[in-house]
Amino acid sequence: MDPSVSLDVAGLAKTYTGHGRSVEAVRDLTFRIGRGELVCIVGPSGAGKTTLLRCIAGLLPTSGGTITLDGAPVTAPPAGMAVVFQEYGRSLFPWLTVRKNVELPLRRTPRAQRTLNVDAALAAVGLTESADAHPWQLSGGMQQRVAIARAIAYEPSVLLMDEPFAAVDAQTRADLEDLVRALWHRLGITVLFVTHDIDESVYLGQRVLVLSNRPTVVLEDVRIDLPDERDQLQTRSSKEFADLRGRVYELVQLAKRGHRPGD
Ligand SMILES: Nc1ncnc2c1ncn2[C@@H]1O[C@H](COP(=O)(O)OP(=O)(O)OP(=O)(O)O)[C@@H](O)[C@H]1O
């Protein structure tokens, strides 16, 4: 095992079967993510991004290949992994306060430690004042911050995010992007972030994996060699950003037209 590798996906395949039909969603998907890396995944709609994330999270059985997290095969939801989904509304319990929602995955943590973790996570996402509110009293962006707080209170080594900001307004989305980068820096965790948004993938990532059309393989692994300090205005208006966005856009267009590696 290479200790610098956090997540190793090798030859992953997933075919959905049932009701007399079969859909080959993912075919021979291979990539590695280093410990403490922030990697984004983009690809055409229906390319299998959510399928991939659910397999990595141990929520969906695979049809072939292997997924290894910190040297151990993933066959069930692994300890050390947290997931933030797009639908924050459905991932929070409306009858529990913000604090109780964030505490949920920490049932087995001793009470004093649990309180420390929850307080730190709420402070990190700027929700200390809302600890006793209920999710339905908060805006969409705040609810998504609760979901992020819940994920980081758990102190994961790997954080998976599946289009987490698709349902919030543009200004909130920019703030949440900066929050993810700040938390990633501070906590040193490995982050795998799926998004539809090409600009978002370039702004956030150190690498962007562009997926092909179904059955999915990695079309290209694009290194994002932008400075580590990113700023919504300056970074996004730089020529380097525009070039990278152009490159990823072009690749996604190729993917949509059925282009595959080596074509
Ligand atoms: N439970 C299921 N049963 C059968 N087919 C499925 C199931 N879930 C997904 N699929 C199919 O697998 C393929 C990949 O779906 P998936 O949701 O992973 O794509 P995606 O890249 O996340 O899509 P989008 O970008 O639109 O969210 C699609 O063709 C989809 O119809």
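Residues numbered from 1 in each chain as written. Predicted model: local features only at pLDDT ≥ 70, side-chain atom pairs only at ≥ 80, totals over all residues.

- The chain is annotated in an unreviewed UniProt entry as ABC transporter ATP-binding protein from Dactylosporangium cerinum.

Quick look at the overall build of the chain
- A count of helical and extended segments in the chain gives eight helices and ten strands.
- Whereas a compact globule of 263 residues would reach a radius of gyration of roughly 18 Å, the chain reaches 18 Å, a difference of no more than 12%.
- Considering only contacts within the chain whose residues lie at least 6 apart along the sequence, 71% involve residues at least 24 apart. (Helix = DSSP H or I, 4+ residues; strand = E, 2+ residues; numbered from the N terminus. Rg over C-alpha atoms; globule rule 2.2 N^0.38 Å. Contact = placed C-beta atoms within 7 Å.)

Considering the environment of S157
- As for its placement among the helices and strands, S157 is situated in the loop between α5 (140–153) and β7 (158–162).
- On the neighbour-count criterion, S157 (19 C-beta atoms within 10 Å) is partly exposed.
- When near neighbours in sequence (up to four residues on either side) are disregarded, S157 contacts S6, D70, G80, I189 and T190. (Buried ≥ 20, exposed ≤ 12 C-beta atoms within 10 Å, placed from the backbone.)

Some points on the nonpolar core
- Counting residues in hydrophobic clusters, the biggest one holds 68 residues, and the most contacted among them are I56, A149, L160, V210 and V248.
- Not counting residues within four places of it along the chain, the set of residues in contact with V210 comprises V42, G43, L219, E220, V222, V248, L251, V252 and A255. (Core = buried A, V, L, I, M, F, W, Y, C linked by C-beta atoms within 7 Å.)

Regarding α5
- Along its 14 residues, α5 runs 20 Å from first to last C-alpha, staying within 8% of the 20 Å computed at 1.5 Å per residue.
- Here α5 lies mainly inside the structure; eleven of its 14 residues are buried.
- Among all positions in α5, only Q143, Q144, R145, V146, A147, I148, A149, R150, A151, I152 and A153 are buried.
- Following α5 by one or two positions, E155 adopts a phi angle in the positive range, close to 55°. (Expected span 1.5 Å × (residues − 1).)

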